[in-house]
Amino acid sequence: MENNENKNQLQIQLRPEMADGKYSNLAMIGHGPNEFLMDFIFAAPGMPQAPVVSRVIMSPENAKQLLFALTDNIKKYEAQFGEIMPRQAVGNN
């Protein structure tokens, strides 16, 4: 009997040029009927411009799966490290 688990496993490859990642402290999200577009941005204090460091485009189904995965991971993080307290946005006093 064959092991079906091995057939369904996806091997993820992390290329060396991607391994360092990109830091983002701001995200802008837009959508159309067929996709969600997420721009990840680095906004440095006192700088007039904030570059997009990465753009990710997903189907609506994949965006919803991402929402569920983030929700699950945030719950696990908070159970281990405590509640994440959102910072108040600049200018919203």
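Residues numbered from 1 in each chain as written. Predicted model: local features only at pLDDT ≥ 70, side-chain atom pairs only at ≥ 80, totals over all residues. Heavy atoms only, no water.

**Looking at a nonpolar patch on the surface**
Together, Leu-70, Ile-74, Tyr-77, Phe-81 and Ile-84 make up an exposed nonpolar region whose accessible area comes to about 490 Å². Note on placement: Tyr-77 falls in helix α3 (residues 60-81). (Patch = residues over 30% accessible without salt bridge, like charges linked within 9 Å, V, L, I, M, F, W, Y side chains within 5 Å. Areas by Shrake-Rupley, 256 points an atom, 1.4 Å probe, with all protein chains shown as cover. Salt bridge = Lys/Arg side-chain N within 4 Å of Asp/Glu carboxyl O. Helix = DSSP H or I, 4+ residues; strand = E, 2+ residues; numbered from the N terminus.)

**Some details on the packing of aromatic side chains**
For the structure shown, the criterion picks out 2 aromatic pairs. For the ring pair Tyr-23 and Phe-42, a centre distance of 5.8 Å and an interplane angle of 70° mean the geometry is edge-to-face. Taken together, the residues Tyr-23 in the loop between α2 (16-19) and β1 (26-31) and Phe-42 in the loop between β2 (36-41) and β3 (52-58) connect sequence positions 19 residues apart. By relative accessible area, which is 57% here, Tyr-23 ends up exposed. (Phe/Tyr/Trp six-rings, centres within 6.5 Å; stacked < 30°, edge-to-face > 60°. Buried < 20%, exposed > 50% of the residue type's maximum accessible area, 1.4 Å probe, protein only.)

**Some details on the pairing of β2**
Sheet analysis places β1 next to β2, joined by 6 bridges and oriented antiparallel. From the neighbouring strand, Ile-29 faces β2, where its bridge partner is Met-38. Two successive antiparallel strands, β1 and β2, enclose a turn made up of 4 residues. Across 6 bridges, β2 lies against β3 in antiparallel orientation. Each residue of the ladder has a partner; that of Phe-36, found in β3, is Met-58. (Pairing = 2+ DSSP bridges.)

**Digging into the sheet that holds β2**
Strand order in the open sheet formed by 3 strands is β1-β2-β3, and the pairing between neighbours is antiparallel. Single-partner strands in this sheet number two, and they are β1 and β3. Shown here is a sheet whose adjacent strand axes are inclined to one another by a mean of 15°, direction ignored. Its contacts with the sheet put α3 on β2 and β3, and the angle it makes with β3 is roughly 115°. (Axes fitted to C-alpha atoms, helices over the stretch in contact; angles between N-to-C directions. Contact = heavy atoms within 4.5 Å.)

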